[in-house]
Amino acid sequence: MLALNTRASEAAVDAREMDVVESVHDLAVQNPAEEDFSAADLTWTKFGTAERHDEVALIPYDRVDAFIIGECSNPECPTRFHIERGRKRAKDTLKEYKTDEYLEYKLYWCSFGPENYGEGGGVLPSRKYRLNTRNRAARPQSMRGCTCHFVVKRLYAQPTQALIIYNERRHVNKSGFVCHGPLDRDAIGPGAKKIPYICNEIQQQTMSMIYLGIPEENVLEKHIEGIQRYCGSNPKVNSLASQYVHKLGMIIKRSTHELDLDDQASIRMWVERNKKSIFFYQDSSESDAFILGIQTEWQLQQMIRFGHRSLIAADSTFGIKRLKYPLCTLLVFDSRQHALPVAWIITRSSAKPDVAKWMKALLGRASSVEPGWKISGFLIDDAAAEIDPIRQDIFAIQDIFGCPVLFSLWRVRRSWLRNIVKKCGNIEVQREIFKRLGEIVYSIWGGVDTLSALEELTHDLVDQTAFIQYFKASWVPKIEMWLSTMRALPLASQEASGAIEAYHVKLKAKLFDDSHLGALQRVDWLVHKLTTELHSSYWLDRYADESDSFQNVKEEYIASTSWHRALQIPNSSVTVDDKDHLFARVSSQKDNNVTRIVWNPGSEFAFCDCAWSLQGNLCKHVIKVNMICENRKGYQPSMSFRAFKELLTSLWKKPMDDSVGLDLSIAWAHQMLDQIKQLVELDSSKTIGTVVNNMPLKWVSKKGRTSIGIPSSVLALPSSSKSGSNNAVARKKSQKRKRLSRLR
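Residues numbered from 1 in each chain as written. Predicted model: local features only at pLDDT ≥ 70, side-chain atom pairs only at ≥ 80, totals over all residues. Heavy atoms only, no water.

**So, the nonpolar core**
Point 1. Counting residues in each nonpolar core, the largest one holds 119 residues, and the members touching the most others are L330, I346, F378, F401, W416 and M486.
Point 2. Looking at this core element by element, the count peaks at 11 residues for helix α16 (residues 523-547).
Point 3. Counting residues in hydrophobic clusters, the runner-up holds 24 residues, among them I83, F150, V152 and I164. (Core = buried A, V, L, I, M, F, W, Y, C linked by side-chain atoms within 4.5 Å. Buried < 20%, exposed > 50% of the residue type's maximum accessible area, 1.4 Å probe, protein only. Helix = DSSP H or I, 4+ residues; strand = E, 2+ residues; numbered from the N terminus.)

Rendered as structure tokens:
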């Protein structure tokens, strides 16, 4: 109480020292640059007379909503405000008026008041009727007696300006006690005494489990475990939690993607309701193509966390034949090098201006949260586009992100293998064709004539009519373009390709379910599916891994890529034909009587007889055999390593001896070598502590060191003084303020 009285007295002193202004014309219009702002961002002035005055601020009328949102997002007292009272008058109805006369008058009151006036004050009897007020707090128990309220006047003489009159800026009851929020000793979080605190993490966990179809009793068990971390064991809390889970499950089950019968109108309504999850939207018209860029706040956090100084990959043109608009997914590689979706782009346009629009919007969103955010490389995989769209995408990526572009072979490999298996019945013919195609791709560094190699291939396989017709129609016209692209761009590794493929397979299983085939041509269905089931699945995967909970989910997540499944195969289970290098055998871990044969070992175009490989996928047996072969003589290195070696060789050949160009190349090579050593050390180290200890000590200036973020040992009220405002501004600069919609 001593701290509270001290701050109250300081506020009173500051209020007495303010000069009183008697006319609105003497007030400066304040328009903070932030998207949302609060009372801490404004300078308050005493308005009225020396005997009777209020603290006021003048802002543009069209910024009133931004002010209210900012006030709701106060981290010390998150809340909402409802309109307790409002009045209007028509224009030109007053012949004489004061400078502060209103055209519109609205009294905003904190939705945690009034009703309960707290300990030490009077408690009102329970109301026998419902107050006719709009936007009341969601729960009757949330009426905590808060006296915080302010008035917004749209000025009669200046309709474009609004006068804000703050009657009580502190969130306290009539007894002067904090009555809600984290500083309230009698309530847990922003809820009241009888409501358990449900933070974003618990709410998202519960929603994810419901979306994934986990039984309600299991969902309730995990939900109560999360709440008990804050509330402890309490039968009443458990009962309320059961009601919460049941109601949330009913809401999710009854939710529908069809907000309107017309798909285009439905998606407009969805966009209007979910602006926080959209980084770019362009409606279709005669001149503009439809583009919808989706990124939730959690995805934005993951992109900033895992994408900075790392890689972003694109799973391009998914559903180009079955969906109304193709889907492109941007992926980052998380702590286990699994592909994690951080943005979805729904559009049919691959023109450079349209691609540049959403790329700039995405980069701008990341930079606004984390200045200096930058990626090191961008992986593309589009095996269906023609030469011009590919070139335009490369130019757009290089112009906007300023990073090198890498090419992933997994789509080309997958397309070839699936059609070989589908159109050729003999397994010996299948592996021979796949091997020959791989030799053509590897020949990009050997100077082999591609057209002659293709003619020889078609001549030898003249009896495989179905495959030859497909290959001539789909690939021969653009094979030179693809090979030149592979030669010009660095190639992605098998681990990256396997991670992208794992995401693609999971996406296909989620979307192309038989029960959804009738909705494939609706965009609102696709958006609903992505932002609910798929988003929940990846959120729960990451949460299970980082919190070491949901062991079944964690185990499935770890084993979701062929690369990680290959790491579980012991070297003793692999037998390689070192004489002719024709095949390798991999013994099954589950059944000792089963052995898989991998033909053409040591190549990305190896062929395995397991069911997963025959579907066109990159299987664990091929990856494991290639891991073994890379350390043996007589096997060629991987294509990604060949591309890396060619790049270093070109750097070594470029400069003239004893030239400045040689000096510059040496500097670049040493810089690259240091970065590679750091990456290798970080990857091979079992603990980050050993890496940090080896880093050079870096001193920062005193100005850069601050105590912001250190919790205070004394619970104190937020002050309305100028010093309190400055502290609030400093706190807001050090952390991103959360709106109430994220705190509920």
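**A word on helix α3 (residues 200-211)**
Point 1. Spanning 12 residues, α3 covers 16 Å between terminal C-alpha atoms, matching the ideal 16 Å at 1.5 Å per step.
Point 2. Those residues of α3 that sit buried are I202, Q205, T206, S208, M209 and I210.
Point 3. With its phi angle positive at about 80°, G213 sits one or two positions after the end of α3. (Expected span 1.5 Å × (residues − 1).)

**Topic: the UniProt feature "domain: SWIM-type" (unreviewed entry) in the protein chain**
Point 1. Under the present numbering, the feature "domain: SWIM-type" (unreviewed entry) in UniProt falls on residues 593-630.
Point 2. This span, residues 593-630, is 37% helix and 18% strand, and a straight line between its end C-alpha atoms measures 27 Å. (UniProt positions renumbered as here; feature names shortened; annotations may be inferred.)

**Side note on a nonpolar patch on the surface**
Point 1. Taken together, F641, F644, L648, I676 and V680 make up a surface patch of nonpolar side chains, about 410 Å² in accessible area.
Point 2. Residue assignment for the nonpolar patch shows that the elements contributing at least two residues are α21 (639-653) and α22 (660-684).
Point 3. In terms of residues, the nonpolar patch owes the most to one element, α21, which gives three residues. (Patch = residues over 30% accessible without salt bridge, like charges linked within 9 Å, V, L, I, M, F, W, Y side chains within 5 Å. Areas by Shrake-Rupley, 256 points an atom, 1.4 Å probe, with all protein chains shown as cover. Salt bridge = Lys/Arg side-chain N within 4 Å of Asp/Glu carboxyl O.)

**Brief notes about the sheet that holds strand β17 (residues 595-599)**
Point 1. The sheet built from four strands is open, its strands ordered β15-β16-β17-β18 with antiparallel pairing. Edge positions in the sheet fall to β15 (574-576) and β18 (607-608), since each of these pairs with one other strand and no more.
Point 2. Relative to β18, β17 runs antiparallel, the two being bridged by two bridges. If you follow V598 over to β18, its bridge partner there is C608.
Point 3. Sitting on the sheet, helix α20 (residues 620-629) is in contact with β15, β16 (583-587), β17 and β18, with an inclination near 60° to β15. (Pairing = 2+ DSSP bridges. Contact = heavy atoms within 4.5 Å. Axes fitted to C-alpha atoms, helices over the stretch in contact; angles between N-to-C directions.)

**Regarding the pairing of strand β8 (residues 278-282)**
Remember that side chains alternate between the two faces of the sheet whenever the strand is regular.
Point 1. Of all five residues making up β8, four are buried, and the element is well covered by its neighbours.
Point 2. Note that β8 and strand β9 (residues 291-294) share four bridges and pair antiparallel. Note that in β9 the partner of F280 across the bridge is G293.

**A short note on the sheet that holds strand β10 (residues 311-318)**
Point 1. A sheet is described by the order of its strands in space; here seven strands give the open sequence β8-β9-β12-β11-β10-β13-β14, paired in mixed fashion. Strands with a single pairing partner mark the edges of an open sheet, and in this sheet they are β8 and β14 (405-407). Taking the axes of each pair of neighbouring strands and ignoring which way they run, one obtains an average angle of 20° across the sheet.
Point 2. Relative to strand β12 (residues 339-347), β9 runs antiparallel, the two being bridged by four bridges. The residue of β12 that forms the bridge with G293 is I345.

**Observations regarding empty space enclosed by the protein**
Once rolled over the atoms, a probe with the size of a water molecule shows which space is left empty.
Point 1. For the structure on display, the rule yields two cavities of 30 Å³ or more.
Point 2. The residue makeup of the lining of the largest cavity, split by class, is four nonpolar, three polar and two charged.
Point 3. In this structure, the second largest cavity spans a volume of roughly 30 Å³.
Point 4. Forming the walls of the second largest cavity are W410, R413, R414, E501, G616 and L618.
Point 5. With three residues, helix α10 (residues 410-423) is the largest single contributor of residues to the lining of the second largest cavity.
Point 6. Partitioning the lining of the second largest cavity into residue classes produces two nonpolar, one polar and three charged. (1 Å grid on protein atoms, 1.4 Å probe; cavity = no way out; pocket = protein on both sides within 12 Å on 5 of 7 lines; lining within 4 Å. Points joined across faces, edges and corners; volume = space filled by probe spheres on them. Nonpolar A, V, L, I, M, F, W, Y, C, P; charged D, E, K, R; others polar.)

**A short note on the packing of aromatic side chains**
Point 1. On inspection of all chains with the given rule, the structure shows 23 aromatic pairs.
Point 2. Counting every residue linked through ring pairs, the aromatic cluster contains W416, F434, F467, Y470, F471, W475, F605 and F607.
Point 3. Here R154 stacks its cationic end above the ring of Y61, 4.2 Å away from the centre of that ring.
Point 4. Looking at R322, its charged tip hangs above the ring of F512, at a distance of 4.1 Å from the centre. (Phe/Tyr/Trp six-rings, centres within 6.5 Å; stacked < 30°, edge-to-face > 60°. Lys NZ or Arg CZ within 6 Å of the ring centre and 35° of its normal.)

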